[in-house]
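Commentary on secondary and tertiary structure
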Amino acid sequence: MVIQHFNRRLHLYLGLALTPWMLLYAASSIPFSHGRFFDDLDKAKGQPNWIRRAELPYDFPVPQDDAQLRAFGARVMHAAGLDGAFGAYRQSPSQVNVYHHSVWKSTQVKYLIGEKKLVVEDARFRWDHMLTGFHTKGGFEQESWLHESWGLAVDLVSLGLILWVASGFYMWIPMRNLRRSGLYALTAGIASFVLLVWLL
Amino acid sequence: MKLLRRIHLYAGLFLAPWVLMYAISTIAMNHRELFREEATSNPQWQKRSESRFSGVLSTDASIDQRATTILAWLGQDGAYNARWQAQRGALVIQRQRLIDPLRITYTPSDGRVVVEGQPTRTSALLERMHRRRGFDRDQVADDIWAFIVDAFIVVMIFWVISGFILWWQMKVTRRIGFVFALGGLAIFAFFAAVL
């Protein structure tokens, strides 16, 4: 009885604490699932996705080894006067892009190797991009305690969801009048999941 | 209130596999560094078979028409991504299967069709499931998956709303519930503001 009582409370309080993350992941999954709809909606506005902020002369050798690209990206960030989370990508043999992203704002710095210059562009704010950006935000790949804390929070939320499912099961099993109907729902869910994974 | 409890429970039981899949795959994706060794120690693509396409493909056919013809010939209909590699003079088709994705390379000059597969990796499978979306594809199974993902979104919001209503009925848990709800909100708001 004591365990069951504790389990009910755990299920409840866990759900309440996880609410903002559940709402974020639910809301941000809509533009993921219906990306084309949101893109078409935005295209109708006829506005550019990127707004040029600055151009700076820059000349520094790009490392051949992809493992060194992040250090190069940090140097470009510094040169562009930016600070925070970023990712560096080799766009083409003649261009490296460094993406600087926060929840509310994104900036890209293009290093045009042949032209020896940096082009800094800000992303036009879009709610769907803000949500999908927040959804995909990791943290452990960044070198700051703040981002690593977010990474840890994402891990804890994931573990919380697993615990939430487990505590839900533990609450359902003693409910004798709901055992059979619950079993139907559970079996239907597992069967649908397995079938779809096998078919897709 | 009884109906609310029942829907809360049955939706939870039905969607439990998806909740677990999304939770476990999130951890795997959040720690890609841990799985990098597993990824690089295995060769990316391994040849499974090689054959000659005996049919005729019109030179006017689009990339998608060519890809669907090759896939149908191989008995591999389903979700795919195809692109023409001009340098190699080959059509490369990524057959996006969840469990065993394939890369199919068709070279029109000699009719050669090479099918390659990847060694099974749990972390990659989890990531493919997490990222799978379906409404842009023509397959029924993809549409059903996409529909369940949409249903999952609705149910998640329903769990939150019904959870709040059920909590509010239990006067004894109101105070501690507030602490947890506000605690979660405060941590989330902090991160949303500073990240």
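Residues numbered from 1 in each chain as written. Chains lettered and ligands numbered in written order. Predicted model: local features only at pLDDT ≥ 70, side-chain atom pairs only at ≥ 80, totals over all residues. Heavy atoms only, no water.

Quick word on the packing of helix α1 (residues 2-30) of chain B against helix α5 (residues 140-169) of chain B
All names here are of chain B. Two elements in contact, α1 and α5, have axes separated by 9 Å at closest approach and are oriented at 130°. By the angle between their axes, α1 is oblique relative to α5. The two elements α1 and α5 meet at a crossing, and its hand is left-handed. Taking contact as the criterion, the partners of Leu4, Arg5, Ile7, His8, Ala11, Gly12, Leu15, Trp18, Val19, Met21 and Tyr22 in α1 are, on α5, Trp145, Ile148, Val149, Phe152, Val155, Phe158, Trp159, Ser162, Gly163, Ile165 and Leu166. For the contact of α1 with α5, the residue count by class is 17 nonpolar, 4 polar and 1 charged. (Axes fitted to C-alpha atoms, helices over the stretch in contact; angles between N-to-C directions. Helix = DSSP H or I, 4+ residues; strand = E, 2+ residues; numbered from the N terminus. Parallel < 35°, antiparallel > 145°, perpendicular 65-115°, else oblique. Left-handed = near helix turned anticlockwise from the far one by under 90°. Contact = heavy atoms within 4.5 Å. Nonpolar A, V, L, I, M, F, W, Y, C, P; charged D, E, K, R; others polar.)

Some details on helix α3 (residues 63-74) of chain B
All names here are of chain B. With 12 residues, α3 ought to run about 16 Å at 1.5 Å a step, and its terminal C-alpha atoms sit 16 Å apart, in line with that. All of the buried residues in α3 are Arg66, Ala67, Ile70 and Leu71. Taken down its axis, α3 places every buried residue within 130° of arc, on the same side. Contacts from the buried residues of α3 go to β2 (80-85), β3 (90-95), β4 (102-107) and β5 (112-117). Among the residues trailing α3, Gly75 stands out with phi positive, at a value near 70°. (Expected span 1.5 Å × (residues − 1). Buried < 20%, exposed > 50% of the residue type's maximum accessible area, 1.4 Å probe, protein only. Arc of directions from axis to C-beta.)

Quick look at the layout of surface pockets
Taken as a whole, the second largest pocket spans an internal volume of roughly 840 Å³. What lines the second largest pocket is a set of 33 residues, among which Ala79(B), Tyr80(B), Gln96(B), Arg133(B) and Arg137(B) lie closest to the centre. Of all the elements in the fold, those that place two or more residues in the lining of the second largest pocket are α1 (2-33) and α2 (35-43) of chain A together with α3, β2, β3 and α4 (122-131) of chain B. Across the lining of the second largest pocket, the residue classes tally to 10 nonpolar, 11 polar and 12 charged. (1 Å grid on protein atoms, 1.4 Å probe; cavity = no way out; pocket = protein on both sides within 12 Å on 5 of 7 lines; lining within 4 Å. Points joined across faces, edges and corners; volume = space filled by probe spheres on them.)

Some details on the sheet that holds strand β5 (residues 117-123) of chain A
Residue and element names in this part refer to chain A. Ordered in space as β1-β5-β4-β3-β2, the 5 strands form an open sheet in which the pairing is antiparallel. The strands lining the two open edges of the sheet, one partner per strand, are β1 (50-57) and β2 (86-92). Shown here is a sheet whose adjacent strand axes are inclined to one another by a mean of 20°, direction ignored. In the sheet, β2 pairs with strand β3 (residues 95-101) via 6 bridges, with the strands oriented antiparallel. Its bridge partner lying in β3, Tyr89 is registered against Asn97. (Pairing = 2+ DSSP bridges.)

Side note on a nonpolar patch on the surface
On the surface, a nonpolar cluster with roughly 400 Å² of combined accessible area is contributed by Leu23(A), Met1(B), Ile157(B), Ile161(B) and Ile165(B). Here the element with the most residues in the nonpolar patch is α5(B); it accounts for 3 residues. With respect to the helices, strands and loops of the structure, Met1(B) is situated in the segment before α1. (Patch = residues over 30% accessible without salt bridge, like charges linked within 9 Å, V, L, I, M, F, W, Y side chains within 5 Å. Areas by Shrake-Rupley, 256 points an atom, 1.4 Å probe, with all protein chains shown as cover. Salt bridge = Lys/Arg side-chain N within 4 Å of Asp/Glu carboxyl O.)

Describing the interface of chain B and chain A
The interface of chain B with chain A comprises 60 residues on the first partner and 61 residues on the second. When residues of chain B are sorted by the area they lose upon contact with chain A, Leu13(B), Phe188(B) and Leu195(B) head the list and together hold 14% of the total. The interface formed by chain B and chain A includes 0 salt bridges. Elements that contribute at least two residues to the side of chain B that touches chain A include exactly α1, α4, α5 and α6 (174-194) of chain B. Of the residues belonging to the side of chain B that touches chain A, the class tally is 43 nonpolar, 10 polar and 7 charged. (Buried area = accessible area lost by both parts, 1.4 Å probe.)

What about the pattern of salt bridges?
Scanning the model with the defined rule gives 20 salt bridges over all chains in all. In this structure, a network of salt bridges that share partners links the residues Asp39(A), Asp42(A), Arg124(A), Arg126(A) and Asp128(A).

What about the sheet that holds β5(B)?
Residue and element names in this part refer to chain B. An order of β1-β5-β4-β3-β2 is seen for the 5 strands of this open sheet, with the pairing classed as antiparallel. Only two strands of the sheet have a single neighbouring strand rather than two, namely β1 (46-52) and β2. Taken over all neighbouring pairs, the strand axes of this sheet differ in orientation by 20° on average, direction set aside. By the bridge criterion, 6 bridges tie β4 to β5 in an arrangement that is antiparallel. Looking at the pairing, Thr105 lines up with Val114 of β5.

Here we look at the packing of aromatic side chains
One pass over the full model with this rule turns up 31 aromatic pairs over all chains. Ring centres of Trp167(B) and Trp168(B) lie 5.6 Å apart, and the angle between their planes is 75°; this geometry places the pair in the edge-to-face category. A centroid spacing of 5.4 Å and a plane angle of 80° characterise the contact between Trp167(B) and Phe178(B), whose relative ring orientation is edge-to-face. Here the residue Trp167(B) occupies a position in helix α5, and Phe178(B) occupies one in helix α6, the gap between them amounting to 11 residues. Residue classification places Trp167(B) among the buried positions, given a relative accessible area of 3%. Linked through ring pairs, Trp21(A), Phe134(A), Trp150(A), Phe188(B), Phe190(B) and Phe191(B) together constitute an aromatic cluster. Over the ring of Trp84(B) we find Arg66(B); its NZ or CZ atom is 5.7 Å from the centre of that ring. For Arg174(B), the ring lying beneath its charged end belongs to Trp168(B), and the centroid distance is 4.1 Å. (Phe/Tyr/Trp six-rings, centres within 6.5 Å; stacked < 30°, edge-to-face > 60°. Lys NZ or Arg CZ within 6 Å of the ring centre and 35° of its normal.)

Everything listed here is a matter of geometry and, on its own, says nothing about what the molecule does.
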